[in-house]
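Report on the structure
These are the residues of each chain, in order.
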Amino acid sequence: CVAAGNAGSAVIAIDIVPATLDHARRRMEGVPARSFESYVSDCSPIPLPDQTCSIVVAQEVLEHTTNPAAFLAELARVGRAGCRYLISVPSANSECLLKTVAPPEYFQAPNHVHIFSMESLEQLVGDAGLRIVSRHKVGFYWSLWWMFKMAGEAAVPHWEAAWAELQKHPNAALSSEHLDALIPKSDVLVCQK
């Protein structure tokens, strides 16, 4: 919200948790957004008229929804012709890794109730009438960070230090790209209506 507001956009935030929206409203104070609205909703339906948005961001949301296809249809409904979408979900590789250490409630409502392969995500997005512009796998660092956090928080500072050392290597960017492809935290689609 803040990044979009700082770019001068009209921002609409929707979340099922009122406290999350309270936090967003506080963060938006003094941000030069054209406007800011927020709605508490489970997005079935999204409380906006048809063709309201020119950009839709749904980062790490789809895995929480009871009906991903219906949610994506709602995202498509609120987008104008040409609307751009940034949709990300936790990668199946990362989720499988976390299953070894996460408490059972991590994979129960209201948390992660779906795990998507890139192929199943692409199918859902296409079925909603969106065209995929690009695909990305990102966040190897965060995949392991979350694994260490759930396995025992004492390991997190060691992982952070090890990663900082790896980033000093001359081929760090190339290594990070390969590691992101191996165990990404998120699969990301950029789409258009």
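In this text, all values refer to a predicted model and were calculated from it rather than measured experimentally.

**Regarding the pairing of strand E3 (residues 53-59)**
Pairing geometry for E3 and strand E4 (residues 79-90), over six bridges, is parallel. Its bridge partner being in E4, Ile55 is matched across the sheet by Arg84. For the crossover that starts at E3, traverses helix H3 (residues 68-78) and ends in the parallel E4, the hand is right-handed.

**Considerations on the environment of Met150**
Mapped onto the elements of the fold, Met150 is located in helix H6 (residues 140-151). C-alpha of Met150 to C-alpha of Ser134: the two residues are 16 residues apart in sequence and 31 Å apart in space. For Met150, the contacting residues outside a window of four places in its chain are Leu98, Val101, Ala102, Pro103 and Tyr106.

**Topic: the sheet that holds E3**
In space, the four strands of this open sheet follow the order E3-E4-E6-E5, with mixed pairing throughout. Only two strands of the sheet have a single partner each, and these edge strands are E3 and strand E5 (131-138). Within the sheet, the average angular offset between the axes of one strand and its neighbour, ignoring direction, is 10°. Of the strands in this sheet, E4, E5 and strand E6 (186-192) are in contact with helix H5 (residues 118-127), which crosses E6 at around 25°.

Rules of the game
Residues numbered from 1 in each chain as written. Predicted model: local features only at pLDDT ≥ 70, side-chain atom pairs only at ≥ 80, totals over all residues. Heavy atoms only, no water. Pairing = 2+ DSSP bridges. Helix = DSSP H or I, 4+ residues; strand = E, 2+ residues; numbered from the N terminus. Right-handed = clockwise from strand over helix to strand, strands pointing away. Contact = heavy atoms within 4.5 Å. Axes fitted to C-alpha atoms, helices over the stretch in contact; angles between N-to-C directions.

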